[in-house]
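An overview of the molecular structure
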Amino acid sequence: MAKISPKNVTAQFSYRAAGNPPSTLPQGAISNFFPGLEFDLRSLWKHIFEGIELHESGLVSGGHQVLAVTPGSPGDIAGVRPLFRLLSVDGRPVESRGMSDQGPMPERFAMEFFNSLADAVQKAGQPVRCVFRNPQNNATVNADLVVQPIFEGVAFSKKLLEAGSMTQGLCSPWQADYRECGCYYWAASRPDYINVQVVAGQARGHNWMQRNRGPADDYLPDAPQDPRQFNYNDLYTNWEHVLTFVVGGKETE
Amino acid sequence: MNARFAPAPRHPDLHLFESGGAPHLFLPNGSRIFEIDEDVVSALETALHEGGATVPDLLARFGLAAPPFVTDEVPESFATRALSLAISQKCNLGCTYCYADGGSFGEAPRNMPHDIALAAVDGLLRDAGRGERYTVAFLGGEPLANRAALRAAVERANHWAERSGAHVGFSVTTNATLVTAEDAAFFDKFGFAVTVSLDGVGDVHDRQRPFKGGRGSFQRIVERLGPLLAMRRAQVTARVTVTRENLSLHETLDGLLGLGFYGVGFSPMLKSPSGKGEMAAAELGRLLEEMIACGHECERRLLAGGHYGFLNLLTALQEIHRGTHRPYPCGAGAGYVAASADGGLYACHRFVGDDIAAMGTVAGGVDAGRQSDWLVARHVHKQEPCRTCWARYLCGGGCHHEVIGRGRVACDYIRGWLQYCLQAYVRLLEARPDMFPPGNSFRDADALPADAVTSQP
């Protein structure tokens, strides 16, 4: 096998080493990191501050929750304790609030919430002012925590991540995402509204997840608990029989 | 040197070089560097001998293909992020080669009026956003011949910065003959990057940079450097214009570093208004030898764990490590424009007063049409023979002012220097990995001037 060793930064991040899949290159990446088809960056943010472990899963109202504090660390000395919530980093708010149906909200939620710690990467090696809230009495605690460098060369730091941790939170099993992610959310289009026919200006068709897809069956809005639709168990144990190929929008045998 | 590892261009998509006894591959697309073995070298050599048509397929087979890092697409416009003010278009020196033709750019000597300086700063910063970064540079002529306007412009820039939350950095290029302790304190207070033009030590400098009356300026400069070199916030660098008269670079480098400069950068004189001092091809060969000798000394010092302020190499190492790939040699006419004393805007400070690179006016802002035309015309993909040269994205096509005025006379020098820098990078990456920390910053390159690898201020 030819020996090729990338040296500088651009060479390292654009070189596809033998055995690596195409998605390991920036130009081949799906770039879906949460909930994630390739990596889950939440695993990285958990350890972004020295001495503090954050709990990053779930869209929990109130934001980043402290999972553990290293005894004797600056956070511990400042009085940060497990279950505290991180409100702001270096003067920038990072908390999340509940979603609302009252239109656009200034608060962060969902993807923005998890991305909110990304700015801290620029301060690697430096202390930044972190403000925490004690949920028991709503008192705030300030702690100057050092931002851990997330890179070693062009790779993620092994100090922050154990092997496998960038993928442990991904959609698993993949069939679950076929149930969860409708409306062409999948990078490779997942069938959604199929067998569509337009008659007199009205569209009729089926949800790919509904059991009965005859001419008289109307579209069922997506609902995993609806017995007329495939449930998770159907997909986990019998996907090859319940899921059909859809070509050109029409179901095929 | 083995012909297959010579700096001459052989194929637009690759360049082979040797470092530390091992063959290396430089791919212009993304300025990527790989160590390779003899099997890969043989395969590439065969493809080159057969005319080179199969090179792209071969690179793909080795996992080295990548989408174009630099495309033909030309940005339609650029927001101005750096502005220089020809705050004084007059000078007390009479340098033999001055691009500003004695400081006045061929016109009557004059200072930039306060209102034009302030209007130029207002135009740059009025709509600045929080966190955005801007640079205001003062050039001339000799900027300190108009220090009142310089200070007023700095104060106005800081007013906008405080109001918007933008970050504004300042720089000045001075001959240092007029600098006072108060000037140094002012530069220090506002964190200026200060560049002093010095062409050597003693007589070497005086031959090229005398006062207008003919008297040498070196002694005066040395007398005035103390407060500048004692500045705490800013690092002061020296810039040396190289002609056939001051080619002993190592001596100059050690001499100027010995005076206390943080770093020294060399730029060959390639285009002067009268043609005087312009270096010929044979002299550029000598320059390359001198530059490489300074480079070896710098490597030796770095390997010993020290600092050695040979800025040409330190800057190149930083850019090579990042894989810098540029469609233009610098920001001139793009994110950077220069204001003349009478309120014209030009692609850069060297083009002040030259209609070929006019970019609008301080009052009316950057002329979008002229900027677009400039960006289309100056893209390295439009330049010859750059399109077939392996160094095109490191060099960017060469300084616009020199190329438009004289043509591409320094390509062999530039390739030779870049090849040496690639080799030095590979050696230092191996021996001093601590110099290239995680991420893409470079530990010994703090506060370096923003010069491109080959262009000059």
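The structure presented is a predicted model; accordingly, all values stated were derived computationally and were not measured.

Thoughts on the pairing of strand S11 (residues 336-339) of chain B
All names here are of chain B. Residues of S11 alternate between two faces, with Tyr336 and Ala338 on one and Val337 and Ala339 on the opposite face, all of them buried. Pairing analysis gives 4 bridges linking strand S4 (residues 82-89) to S11, with the strands arranged parallel. Bridging from a neighbouring strand, Ser84 pairs with Ala338 of S11. Where S11 lies against strand S12 (residues 344-346), 2 bridges are found, and the strand directions are antiparallel.

As for the interface of chain A and chain B
Taken together, the 19 residues of chain A in the interface contact 27 residues of chain B. Together, A:Lys3, A:Lys7 and A:Asn8 form the three largest contributors to the area buried by chain A at its contact with chain B, with a combined 34%. Counting across the interface, chain A meets chain B through 2 salt bridges. Close ionic contact of B:Glu35 with A:Lys7 constitutes a salt bridge, the shortest N to O distance being 3.4 Å. One can count 12 residue pairs in polar contact (both at pLDDT 80 or more) joining chain A with chain B. Of all the secondary-structure elements, those providing two or more residues to the side of chain A that touches chain B are strand S1 (4-6), helix H1 (9-14) and strand S8 (151-152) of chain A. By residue number, the principal contributor to the side of chain A that touches chain B is H1(A), which donates 5 residues. By residue class, the composition of the side of chain A that touches chain B is 9 nonpolar, 6 polar and 4 charged. Looking at chain direction, S1(A) and strand S3 (residues 32-36) of chain B are connected through 3 bridges and run antiparallel. When the bridges of S3(B) are listed, A:Pro6 appears paired with B:Phe34.

Some details on the pattern of salt bridges
All names here are of chain B. Under the defined criterion, the tally for this structure stands at 30 salt bridges over all chains. Two residues, Glu278 and Lys271, come together in a salt bridge whose shortest N-O distance is 3.8 Å. Classification of Glu278 by relative accessible area gives buried; the value is 17%. As a salt-bridge pair, Arg427 and Glu299 come within 2.8 Å of each other at their nearest N and O atoms. Taken together, the residues Arg427 in helix H15 (residues 411-431) and Glu299 in helix H10 (residues 281-303) connect sequence positions 128 residues apart. For Glu299, a relative accessible area of 6% translates into the label buried.

Calculation notes
Residues numbered from 1 in each chain as written. Chains lettered and ligands numbered in written order. Predicted model: local features only at pLDDT ≥ 70, side-chain atom pairs only at ≥ 80, totals over all residues. Heavy atoms only, no water. Buried < 20%, exposed > 50% of the residue type's maximum accessible area, 1.4 Å probe, protein only. Helix = DSSP H or I, 4+ residues; strand = E, 2+ residues; numbered from the N terminus. Pairing = 2+ DSSP bridges. Contact = heavy atoms within 4.5 Å. Buried area = accessible area lost by both parts, 1.4 Å probe. Salt bridge = Lys/Arg side-chain N within 4 Å of Asp/Glu carboxyl O. Polar contact = N/O pair within 3.5 Å; in protein donor to acceptor, adjacent residues only side chain to side chain. Nonpolar A, V, L, I, M, F, W, Y, C, P; charged D, E, K, R; others polar.

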